[in-house]
Amino acid sequence: MPILRVYLDHNATTPLHPEVKKIIADSLDVFGNPSSMHSFGREARKLVEEARGKVAHFIGADPEEVFFVGSGTEANNTVLSMVPCSPNKCHCQTARHEIITSTIEHPCILESSKCIDNRGATVQYLPVDQYGKVKVDQLEKLITDKTGLVSVMTANNEIGTIQDIKTLAQIAHHSGALFHTDAVQAVGKMPINVKNLDVDFLTISAHKLYGPKGVGALYVKKGVRFCPLIRGGHQEKGRRAGTENTLGIIAFGKAVDMRTIEMPDEAKRLLKLKQILKQGLQKNISDISFNGHPEDCLPGTLNVSFGGVEGESILLYLDLEGIAVSTGSACASGSLDPSHVLLATGIPVERAHGSIRISSGRETTEKEILYTIEKMTQVVKKVRDISTAY
Amino acid sequence: MADEFDWVYTDVVKDHFINPRNVLKPGEEFAADGEGMVGNMKCGDQMMMKIKVDRAKNIITDIRWKTYGCASAIASTSALSEMVKGLTLDKAFLISPKDVNKQLGGLPDHKIHCSVLGDKALRAAINDYYKKNGQDNKIQKEEARTICQCMNVTDHEIEDAVLEGARTYVELQEKTKLGTVCGQCKDEAIELMEGYIKKHFTKF
């Protein structure tokens, strides 16, 4: 039995905030359909609209610019699905059927891109540098008057690299294209203001910021033409059919409230813990390298590669010690290729197979980080002792 | 606590993963009679195997290995190393990934391809032993046979594609580009593919 149970996989998902648990428990009797006109419905509607106000306020948007969806993945699918729409038949699009995205997006953007490519749109991919930063000059080269949408994630889930969204959005707008950012990893970890970034669409997910799974939100700038993905109901002003996940939405509202209070100090604390972790690993383990941008990176995310070891075995040996992390190795994903993000940064394939992502969060303590350094050192030694590379 | 939940693989896999048997320890002297190395680190797995052979009886008396690989690779090689001790070279040569998988109580389908390097490395070590002992006539080469002439795809590549998940002709084509020019190899390729699916994935 492990001494400690240490959760360092906050980029995968987060535990519910205690206050979020409370509000869920307190709201269990709110069962009315927010679309109903009677008091049961109006009670639910009021709570949903309060939550909308909170989420909107958190990202600097107006409440009518935010609508709730089932996940970040759904929000991203919704935005991309508009690109191939015909301007003759659908009011949401112009005659621009080209989209530019990056090579390090989440699979829900990349797979959707492939799909709309099959449906007649043209997709182009922006390369990244060794730190995972999108090459801004490449966007200037690729963008044309046919580009309808540019979609680049705010912060990367695997390496934490933060993009210069404001500049990228400016370039897109200069060419008359719309700009979307998947901010699932960024919102709740760093300040995000849609007006300041000047984006047209922005994706959020509740379970990445200590809210429940199964709720997300999409910001759509006022005046931007829109076409829903899920149809058949007037909910969310016709932008997302299906009865609202009332409990999830109420909890989402509470979660962003708590983020407003906790995020600033937490970011500083996590950055300090990351320094301790990085220095500790560097001191104890040879042949080690770090992935992602050294400065423009999420405060709690550290992605590390160990030479001569395979990530899944590291992950599972750490799990036996009670420590939860993730890996970019092919073996852990069930596919044959290691992380597309790490490969896009140009690191050697074997370095990607030997990568571990450590993502800390609001409950992570220094004691846990020190325990992780100690165990990680032992585990890497154990795996290297049986490795053909050592 | 963490231990309350079923582990990601079987208890036997877990046991071999936590305490791998017959690993060549750092600095350990092991005067091998035969040695084999297969795979490469770019693909995410590499395996090295050393054997000691009783020359009079043609029996494997001891074995050591090292691997760069995932939990399934570590566990399957550890299990294999226990299975081969005391076997004749002929019998050891015939051990298949399926035999190892059975010993482990079963790996998930998508992990089978991680467990096929151990027996390959063992056969390489056995052939190396034959070579070093002037028994070249006994060396059994696993020569690849070209199936698709147009795209130069071999039976080995078809087997790899099956291990990587191909179950239909279209999936096989996607993975290997086989049969995408003249298409004459289709029937033979399908027959081989079905044979490999049976070989690796039918339950024991």
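Each value, and the rule that gives it
- Residues numbered from 1 in each chain as written.
- Chains lettered and ligands numbered in written order.
- Predicted model: local features only at pLDDT ≥ 70, side-chain atom pairs only at ≥ 80, totals over all residues.
- Helix = DSSP H or I, 4+ residues; strand = E, 2+ residues; numbered from the N terminus.
- Expected span 1.5 Å × (residues − 1).
- Bend = angle between axes of the 7 residues up to and from the residue.
- Pairing = 2+ DSSP bridges.
- Axes fitted to C-alpha atoms, helices over the stretch in contact; angles between N-to-C directions.
- Contact = placed C-beta atoms within 7 Å.
- Nonpolar A, V, L, I, M, F, W, Y, C, P; charged D, E, K, R; others polar.
- Domains from an automatic or database assignment.
- Parallel < 35°, antiparallel > 145°, perpendicular 65-115°, else oblique.
- Left-handed = near helix turned anticlockwise from the far one by under 90°.
- Buried ≥ 20, exposed ≤ 12 C-beta atoms within 10 Å, placed from the backbone.
- Core = buried A, V, L, I, M, F, W, Y, C linked by C-beta atoms within 7 Å.
- pLDDT = per-residue confidence, 0-100.

Q: Help me out: how do you make sense of helix 8 (residues 246-284) of chain A in this one?
A: Each turn of an α-helix holds 3.6 residues, which means side chains three or four residues apart point in the same direction. Taking 1.5 Å of rise per residue, the 39 residues of helix 8 of chain A would be expected to cover 57 Å, yet its terminal C-alpha atoms sit only 49 Å apart, more than 12% below that figure. At Glu262 of chain A, helix 8 of chain A shows its maximal bend, which comes to roughly 55°, and the proline Pro264 of chain A appears one to four places after that position.

Q: Just to check I follow, could you spell out the sheet that holds strand 13 (residues 355-359) of chain A for this structure?
A: What holds strands together in a sheet is hydrogen bonding between their backbones, with the strands either parallel or antiparallel. Residues and elements named next belong to chain A. With respect to topology, four strands assemble into an open sheet ordered 9-10-13-12, the strand pairing being antiparallel. Where the open sheet ends on each side, the last strands, each with one partner, are strand 9 (288-291) and strand 12 (326-327). Bridge count between strand 12 and strand 13: two bridges; the pairing is antiparallel. Its bridge partner lying in strand 13, Ser326 is registered against Arg357.

Q: Can you walk me through the sheet that holds strand 2 (residues 45-54) of chain B in this structure?
A: All names here are of chain B. Strand order in this open sheet of three strands is 1-2-3, and the pairing throughout is antiparallel. The two strands at the open ends of the sheet, each matched to only one other strand, are strand 1 (34-40) and strand 3 (59-68). Taking the axes of each pair of neighbouring strands and ignoring which way they run, one obtains an average angle of 15° across the sheet. Inspection of the sheet shows strand 2 paired to strand 3 by nine bridges, in the antiparallel sense. Bridged to Met48 within strand 3 is Lys66.

Q: Before we go on, may I ask you to explain the interface of chain B and chain A in this structure?
A: How big an interface is tends to be stated in terms of accessible area lost as the parts join. Listed per partner, the contact involves 25 residues of chain B and 24 residues of chain A. Of the residues contributing to the side of chain B that touches chain A, the split by class is 16 nonpolar, five polar and four charged.

Q: Sorry if this is basic, but what is going on with the domain arrangement of chain A here?
A: Residues and elements named next belong to chain A. For chain A, the assigned domains read domain 1 (6-15 + 263-385) and domain 2 (18-258). Taking only C-alpha atoms, the centre of domain 1 and the centre of domain 2 are 28 Å apart. Contacts between the two partners involve 25 residues from domain 1 and, on the opposite side, 24 residues from domain 2. Taken together, the elements giving at least two residues each to the side of domain 1 that touches domain 2 come down to helix 8, strand 10 (301-306) and helix 11 (340-344). The greatest single-element share of the side of domain 1 that touches domain 2, amounting to three residues, is contributed by helix 11.

Q: I would appreciate a short explanation of the packing of helix 6 (residues 155-163) of chain B against helix 8 (residues 186-201) of chain B in the present structure.
A: To characterise two packed helices, one gives the angle between the axes of the helices and the distance between these axes. All names here are of chain B. At their nearest, the axes of helix 6 and helix 8 sit 9 Å apart, and the two run at 50° to each other. Here helix 8 runs oblique to helix 6, going by the angle between their axes. Read as a crossing pair, helix 6 and helix 8 show a hand that is right-handed. Contacts between helix 6 and helix 8 involve Asp155, Ile158, Glu159, Val162 and Leu163 on the former and, on the latter, Ala189, Leu192, Met193, Tyr196, Ile197 and His200. In terms of residue class, the contact of helix 6 with helix 8 is built from eight nonpolar, one polar and two charged.

Q: Where do I start with the environment of Ala25 of chain A in this structure?
A: All names here are of chain A. Tracing the chain through its elements places Ala25 in helix 1 (residues 18-26). Assessed through the 8 C-beta atoms surrounding it within 10 Å, Ala25 is described here as exposed. For the pair formed by Ala25 and Leu247, sequence separation is 222 residues and the distance between their alpha carbons is 9.3 Å.

Q: Explain the domain arrangement of chain B to me, please; I cannot follow it from the model alone.
A: Residue and element names in this part refer to chain B. With domains assigned, chain B is organised as domain 1 (2-138) and domain 2 (146-201). Each of domain 1 and domain 2 has a C-alpha centre, and these two points are 27 Å apart. Partitioning the side of domain 1 that touches domain 2 into residue classes produces three nonpolar, two polar and two charged.

Q: Hey, could you run me through the nonpolar core in this one?
A: A general trend in soluble globular proteins is that nonpolar side chains are found buried together. Among the nonpolar cores identified, the biggest contains 81 residues, and Ile59, Val150, Leu168, Ala217, Tyr219, Phe252 and Ala255 of chain A are the most heavily contacted of them. Here this core gathers at least three residues from each of two domains, domain 1 (6-15 + 263-385) and domain 2 (18-258) of chain A. Cys331, Ile358 and Ile369 of chain A together with Met49 of chain B belong to the second largest nonpolar core, which has 75 residues in total.

Q: What's the story with the confidence of the model for chain B in this structure? I'm lost.
A: Detailed reading of the predicted coordinates is not advisable wherever pLDDT falls low. In this model, chain B carries an average pLDDT of 89, and 97% of its residues clear a pLDDT of 70 or more. Complex prediction metrics read pTM 0.90 and ipTM 0.85.

Q: Any chance you could explain the pairing of strand 7 (residues 201-205) of chain A here in plain terms?
A: In regular strands, side chains alternate between the two faces of the sheet. Residues and elements named next belong to chain A. The buried count for strand 7 comes to five of five residues, which makes it a mostly enclosed element. Here three bridges tie strand 6 (residues 178-182) to strand 7, and the two strands are oriented parallel to one another. The partner of Asp182 across the bridge, within strand 7, is Thr203. Bridge count for strand 7 against strand 8 (residues 216-220) is five bridges, and the pairing is antiparallel. Bridged to Thr203 within strand 8 is Leu218.

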